Amino acid sequence: MSQYCFGIDVGGTTVKIGLFSSEGTVLEKWEIPTRKENDGSNIIPDVANAVLKKMEEKKIEKDAVIGVGIGVPGAVDDAGVVHRAVNLGWDVIDIHHELGNLLQMPVKAANDANVAALGEMWRGGGEGCLNMVLATIGTGVGGGIIVDGKMITGATGAGGEIGHIHLVDDEPDTCGCGNHGCLEQYASATGIVRIAKRKLAATQSDSSLRKDLENGTLSAKAVFDAVKAGDTVACEIAEEFGSYLGKGLAAIAGVVNPEVFVLGGGVSKAGEILCTYVSKYYQKYVFHASKEAQFKLAKLGNDAGIYGAAKLILD
């Protein structure tokens, strides 16, 4: 009887790996470097070697392993084919085939943000809910959508790219995706700094953030620390941020009608105050039948990916 599975989260700097029991308990977790040289050709062999080495160390036979789930930062279709993962140097790679051949065991791959959402639904902020949206607010805005307990991946694995919902028509700056006016440009950590710079330039009001701007330390964390200290300008920045993200999530709710929105990523370390600003504007813009959706903070942090990847293969 199979007793174990592996959950793997491939990031741009490290690959996180978890050994799980078949009941979903993490037994051990560790990391290896992501070797991106030579178009990332070392990554899959390195993952395979790490798994096989751990099995040898733990004296785990292959017939005791259900398989390996893996999340990668790119669009992944249901057949396990990655359609470009720019941050890894990959073009088109069939992970099910390549990793499966090296391991000689079942492999299930998906986009890393979708996998993280699956993990948060299973063991994190969305536990107990089968309809959930994860919004990861960091350098960019990532997302994962779960409907009836299953990830929404779309035709080419690009489902859940909530950061690139178009919100503003006259935005002069270009988003990383090449478009203009994406949600990510306002609701990410870098977006919050962009709003803050524009706000500080447009007002003469006193603010502790001016010193941060002068010192080159202006950040999303500095903004929310100032909000908690009652800084008026910082509160205005948080209101604007909340209006963008609340409006974007309201648009998503009109399509998938989730029970809960889980907010993760580095900005979520601001705490419950983040949910307060976002839910306020969500309530303003959302269709009435989706007003009961809850807002919660992610619980798994950097482990969401390995939990979700394990859930992929356990399912």
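Now for a description of the structure that goes with this document. (Residues numbered from 1 in each chain as written. Predicted model: local features only at pLDDT ≥ 70, side-chain atom pairs only at ≥ 80, totals over all residues. Heavy atoms only, no water.)

**With respect to the sheet that holds strand E1 (residues 4-10)**
Strand order in the open sheet formed by five strands is E3-E2-E1-E4-E7, and the pairing between neighbours is mixed. For this open sheet the edge positions go to strand E3 (26-33) and strand E7 (107-111), each flanked by a neighbour on one side alone. Going from strand to strand, the sheet's axes swing by 15° on average, the running direction of each strand aside. Sheet analysis places E1 next to strand E2 (residues 14-21), joined by seven bridges and oriented antiparallel. (Pairing = 2+ DSSP bridges. Helix = DSSP H or I, 4+ residues; strand = E, 2+ residues; numbered from the N terminus. Axes fitted to C-alpha atoms, helices over the stretch in contact; angles between N-to-C directions.)

**A closer look at the packing of helix H8 (residues 220-228) against helix H10 (residues 272-285)**
Closest axis-to-axis distance for the H8/H10 pair is 11 Å, and the angle between their directions is 85°. Here H10 runs roughly perpendicular to H8, going by the angle between their axes. Taken together, the residues of H10 that come into contact with H8 (itself represented by Phe224, Val227 and Lys228) are Ile273, Leu274 and Tyr277. Here the residues of the contact of H8 with H10 sort into five nonpolar, no polar and one charged. (Parallel < 35°, antiparallel > 145°, perpendicular 65-115°, else oblique. Contact = heavy atoms within 4.5 Å. Nonpolar A, V, L, I, M, F, W, Y, C, P; charged D, E, K, R; others polar.)

**Some thoughts on the packing of aromatic side chains**
According to the stated counting rule, one finds seven aromatic pairs in the structure shown. Summarising the aromatic geometry, the rings of Phe261 and Tyr282 are spaced 5.2 Å apart at their centres and angled 70° between planes, so their arrangement reads as edge-to-face. Here Phe261 is found in strand E11 (residues 260-264), whereas its partner Tyr282 is found in helix H10, with 21 residues between them in sequence. Under the relative-accessibility criterion, Phe261 is labelled buried at 1%. An angle of 70° between the planes, with centres 5.1 Å apart, marks the rings of Tyr282 and Phe295 as edge-to-face. With Tyr282 in helix H10 and Phe295 in strand E12 (residues 294-297), this pair connects stretches of sequence that are 13 residues apart. One exposure class covers both Tyr282 and Phe295, and it is buried. The rings of Phe20, Trp122 and Tyr307 are connected pair by pair, giving a single aromatic cluster. The cationic tip of Lys54 hangs over the ring face of Trp30; the distance from NZ or CZ to the ring centre is 4.5 Å. (Phe/Tyr/Trp six-rings, centres within 6.5 Å; stacked < 30°, edge-to-face > 60°. Buried < 20%, exposed > 50% of the residue type's maximum accessible area, 1.4 Å probe, protein only. Lys NZ or Arg CZ within 6 Å of the ring centre and 35° of its normal.)

**Some points on the packing of helix H2 (residues 43-58) against helix H3 (residues 95-103)**
Two elements in contact, H2 and H3, have axes whose closest approach is 9 Å; the angle formed by their N-to-C orientations is 40°. By the angle between their directions, the pair H2 and H3 is classed as oblique. Regarding H2 and H3, the two cross each other, and that crossing is right-handed. Seen from H2, the contacting residues are Ile44, Pro45, Val47, Ala48, Val51 and Leu52; seen from H3, they are Ile95, Glu98, Leu99, Leu102 and Leu103. For the contact of H2 with H3, a count of residues per class yields 10 nonpolar, no polar and one charged. (Left-handed = near helix turned anticlockwise from the far one by under 90°.)

**A look at the nonpolar core**
In terms of nonpolar packing, the biggest core is built from 48 residues, with Leu209, Phe224, Phe241, Leu249, Leu263 and Tyr282 touching the most fellow members. Broken down by element, the residue count for this core peaks at 12 residues, all from helix H9 (residues 232-256). Not counting chain neighbours up to four residues away, the residues in contact with Phe241 comprise Tyr186, Ala187, Ile192, Ile195, Phe224, Leu274 and Val278. Among the nonpolar cores identified, the runner-up in size contains 33 residues, and Leu19, Ala48, Ala50 and Met105 belong to it. (Core = buried A, V, L, I, M, F, W, Y, C linked by side-chain atoms within 4.5 Å.)

**A word on the pattern of salt bridges**
A full pass over the atoms with the stated rule returns 13 salt bridges. The closest approach of N and O atoms between Arg35 and Glu37, which form a salt bridge, is 3.9 Å. Judged by its relative accessible area of 35%, Arg35 falls in the partly exposed class. Classification of Glu37 by relative accessible area gives partly exposed; the value is 40%. (Salt bridge = Lys/Arg side-chain N within 4 Å of Asp/Glu carboxyl O.)

**With respect to H10**
Along an α-helix, a turn takes 3.6 residues, which lines up residues three or four apart on a common side. Compared with the 20 Å implied by 1.5 Å per residue over 14 residues, the 20 Å span of H10 between its first and last C-alpha is a close match. All of the buried residues along H10 are Leu274, Cys275, Tyr277, Val278, Tyr281 and Tyr282. Along H10, the residues classed as buried sweep out an arc of 165° about the axis, all on the same side. Residues of H10 that are exposed and point more than 90 degrees away from the buried face comprise Glu272 and Lys284. Buried residues in H10 make contact with strand E8 (132-137), H8, H9, E11 and E12. (Expected span 1.5 Å × (residues − 1). Arc of directions from axis to C-beta.)

**Describing the environment of Glu292**
In this structure, Glu292 sits in the loop between H10 and E12. A C-alpha to C-alpha distance of 22 Å links Glu292 and Ala187, two positions 105 residues apart in sequence.

**Examining the pairing of strand E6 (residues 90-94)**
When strand E5 (residues 81-85) meets E6, the two strands line up antiparallel, connected through four bridges. Residue pairing across strands places Ala85 opposite Trp90, the latter belonging to E6. The turn joining E5 and E6, which pair antiparallel and follow one another in sequence, is formed by four residues; a positive phi near 85° is taken by Gly89.

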